[in-house]
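Structural overview for review
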Amino acid sequence: MKKFNYAFVLFFIILFSNYGFCQFNEFITAKDGKLLEGGKEYRFISCNIPNLHYVEDYLPFAETNPWRLPTEFEIKDALTAIKQIGGNVTRIYVISVKKPEDDAAIIRHVEAPGKFNEEAFRILDKTLEIANKTGVRVIIPLVDNWKWWGGPNEYAGFRGKTEMDFWTDSTLISDFKKTIDFVINRKNTYTGVAYKDDKAILAWETGNELNCPYAWTKEIAAYIKQNDKNHLIIDGAHYFRKNVILKESVDDPNIDILTSHHYAPPEVTLKEILKNKAIIAGKKPFFIGEFGLIKAPDMERIVDTIINNGIAGALLWSLRGRNVEGGFYFHEEYNGYSAYHWPGFKSGDSYDEKKVMNLIHAKAGEINKKEPIPLPIPEEPVLLNIKDPYEISWQGSTGAETYAIQRETGNSGNWKDIANTDDATYCYTAQFCDTSAQIGGEYYYRVIASNQSGSSKPSNIVGPVKVTYKKIIDEMEDFSKIYTKEGASKLLSLEELRKAKEDRSRIKGADSSYIIYYAPEAINEIKVNMLASADSSKLSFFAGASIDNLIKIEVPAKTYTSGKNEYGFFTPVSYSDGNLPAGVKYLKIVFEGDAEIGRTEITYGGK
């Protein structure tokens, strides 16, 4: 009888605990104009996830830094969404670069030539670890052409040179090569696998929409290939947005994949795609790296053209995942379009979100001659700590469409549904307000996620939650919570969302217009969130026990500025007062200077 090899078994136990379950057995390769996975053609319809590894959209009202690193929950949710769609691959945004105006709290991947932020790269490590576990491959562009995350201008700035020098200056090219060296040779701190050996990486992309000379692309592609023999290389140049593939790139032996991005009207986009396919003439794989921000019928025409003409794939722009604090990340694009949320919600009806998500889901199967992957029953959500019943949030479940909010008293187990809602309606604030909670009550809460396939197990239970006051929470979705109003005021939904910190329901009032709130008992405290589009934007407040006897009150204001930013954020100003005159039941708010109100909280009764 052979002696049992415990050391051998222990080795594999350690290996599994370190690496988890890896779903990839081979690297993606290219041959005869096609992408291959283990000898089988590899095609995809999927989505970009720009903030998978680095968040630019952390926009709570009082937060002054929109940049932060995602959590494991957030990365897993986003990659699981791609897996449920059937996409198999995603494309992240770029490796960020420090800007001279950055606040000290802003983390960037590249801090100086050859100097890198370890915390930021550990998140990229985690992203690749989860990608391996979920079976979703990742395309990584190495530098941006644009100003958003830093790029050529910032690399040049480190050396006191100009942006255009980045493409030709030997010192700047050497600095960028230091970043390439660091990235491809980095050993993942969670898996122990070097990036250049990680099968979850589908390909390196020289950059995002680069306006570079071909000589730069040629040198950088050759340098990457010299240092990483495993991964394919995508030409990330877009040659001044003309969307024309260069013949030089087609013939370059170090460029493996060609791509183009399309946001022109559908008829123009279709012509561009077919023209590029003709230029490539089957010599190399070709995929559409970005497209979208159009209605579902036009999108279907484009995707069908991609599928029917043997193009390797396409990546929709773009998908955003969930926020660990509850709800989703939101990102306005342009022309009334925003980033999509899986599997689609009512909040995105104006830009066909549900239809688009259903389309991408269906076509992800069709391109590989398969039926769409059935949507799995959601996993149970995680209910977050509840301060009071008017601020309830949870970490949602990937693929969930709605949530049943359940409540019971006395820990009796007699659960009752009090609402059915989703987690994509409100941005960066509580997902649900329990207005039916009564003063003196003690409640327990839980949440159940549902979709077309069924319902999850209940979440964890949070409670007891003691109710000592009542609240009016007005998210400005309509005028229903306002007692009366006077003057020109209008509801805003999709206007200037990015500047308004993605707040999708606001009220804007003309000078001297006003709104009045009424509470059935004495008001104890007020909090009003205003967005100032100009220095003259402000609110004035009047209060009283009778609507006919209102007196002006001075409400302290606190400003939350984000400093210099690329989006021109409006200035958030929070008016808050917990020392109102006794017996106040009416609150009048007067607009001045194009002020916008995003949220009003009125606490009353109890005390």
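Everything in this summary refers to the structure shown in the same document. Sequence order as written defines residue numbering, which begins from 1 separately in each chain. Thresholds applied to this predicted model are a pLDDT of at least 70 for local features of residues and 80 or more for the giving and counting of side-chain atom pairs; totals over whole chains, interfaces and linings are not thresholded and use all residues. With hydrogens and water set aside, each side-chain value is computed from the structure's full complement of heavy atoms.

Some details on the sheet that holds strand S25 (residues 514–518)
The strand order across the open sheet formed by 5 strands is S22-S25-S31-S27-S28, and the pairing between neighbours is antiparallel. Where the open sheet ends on each side, the last strands, each with one partner, are strand S22 (484–486) and strand S28 (551–553). Along the sheet, successive strands turn relative to each other by an average axial angle of 25°, direction set aside. Examined bridge by bridge, S25 and strand S31 (residues 586–592) share 5 bridges and lie antiparallel to one another. Bridging across to S31, isoleucine 515 finds its partner in isoleucine 589. Two strands qualify as a pair provided that DSSP identifies no fewer than 2 bridges between them. Secondary structure elements follow DSSP: runs of H or I of four or more residues count as helices, runs of E of two or more count as strands, with numbering from the N terminus. Convention adopted: a line fitted to C-alpha atoms gives each axis, helices being fitted over their contacting stretch, and angles between N-to-C directions are expressed from 0 to 180 degrees.

With respect to the packing of aromatic side chains
Working definition: an aromatic ring pair is given by the centre-to-centre distance plus the angle between the planes. For Phe, Tyr and Trp, rings pair up if their centres lie within 6.5 Å, where Trp contributes its six-membered ring, and each pair is then called stacked (planes under 30 degrees apart), edge-to-face (over 60) or tilted (otherwise). All told, the structure shown has 33 aromatic pairs when counted by the stated rule. Between tyrosine 54 and tryptophan 149, the aromatic rings sit 5.0 Å apart at their centres with planes inclined by 75°, giving edge-to-face as the arrangement. Taken together, the residues tyrosine 54 in the loop between strand S4 (44–48) and helix H2 (72–85) and tryptophan 149 in the loop between strand S8 (137–141) and helix H4 (152–158) connect sequence positions 95 residues apart. Note on exposure labels: buried denotes an accessible area under 20% of the residue type's maximum, exposed denotes more than 50%, and partly exposed covers the range between, all computed with a 1.4 Å probe on protein chains only. The exposure class assigned to tyrosine 54 is buried, which follows from its relative accessible area of 1%. We classify tryptophan 149 as buried; its relative accessible area is 0%. Note on phenylalanine 541 and tyrosine 575: the rings are 5.1 Å apart at their centroids and 55° apart in plane angle, and the pair reads as tilted. Taken together, the residues phenylalanine 541 in strand S27 (residues 538–544) and tyrosine 575 in strand S30 (residues 571–577) connect sequence positions 34 residues apart.

Concerning the nonpolar core
The set of buried Ala, Val, Leu, Ile, Met, Phe, Trp, Tyr and Cys residues whose side-chain atoms join them within 4.5 Å is what this entry labels a nonpolar core. By size, the foremost hydrophobic cluster in this structure holds 92 residues, and its most contacted members are Phe176, Trp204, Trp216, Met299, Leu316, Leu319 and Tyr340. Considering every element that reaches this core, the biggest residue donor is helix H3 (residues 118–134), with 7 residues. We call two residues contacting when some pair of their heavy atoms lies within 4.5 Å. Each residue touching leucine 319, except ones within four places of it in the same chain, is listed here: Cys47, Asn48, Ile49, Pro50, Asn51, Ala81, Ile82, Ile85, Tyr340, His341, Trp342 and Met357. Core analysis: the next-biggest nonpolar cluster, separate from the first, contains 28 residues, Met530, Leu587, Ile602 and Tyr604 among them.

Remarks on the side chain of lysine 471
In this fold, lysine 471 is placed in strand S21 (residues 470–474). Polar contacts, as counted here, are pairs of nitrogen or oxygen atoms within 3.5 Å of one another; within protein the pair requires one atom able to donate a hydrogen and one able to accept it, and residues that are adjacent in sequence qualify only if both atoms are side-chain atoms. Here the side chain of lysine 471 touches aspartate 388 through a polar contact of 3.5 Å, side chain to side chain. Here glutamate 601 takes part through its side chain, which lies 3.4 Å from a polar atom of the side chain of lysine 471. Beyond its immediate chain neighbours, meaning those up to four positions away, lysine 471 contacts Asp388, Tyr390, Glu391, Glu601, Ile602, Thr603 and Tyr604.

Here's the deal with the sheet that holds strand S11 (residues 258–262)
The 8 strands are arranged S10-S9-S8-S5-S4-S13-S12-S11 in an open sheet whose pairing can be described as parallel. Two strands lie at the open edges of the sheet, namely strand S10 (232–234) and S11, each paired on one side alone. Strand-to-strand twist in this sheet, taken as the mean axis angle between neighbours without regard to direction, amounts to 25°. In the sheet, S11 pairs with strand S12 (residues 286–291) via 5 bridges, with the strands oriented parallel. Across the sheet, leucine 258 pairs through a bridge with phenylalanine 286, a residue of S12.

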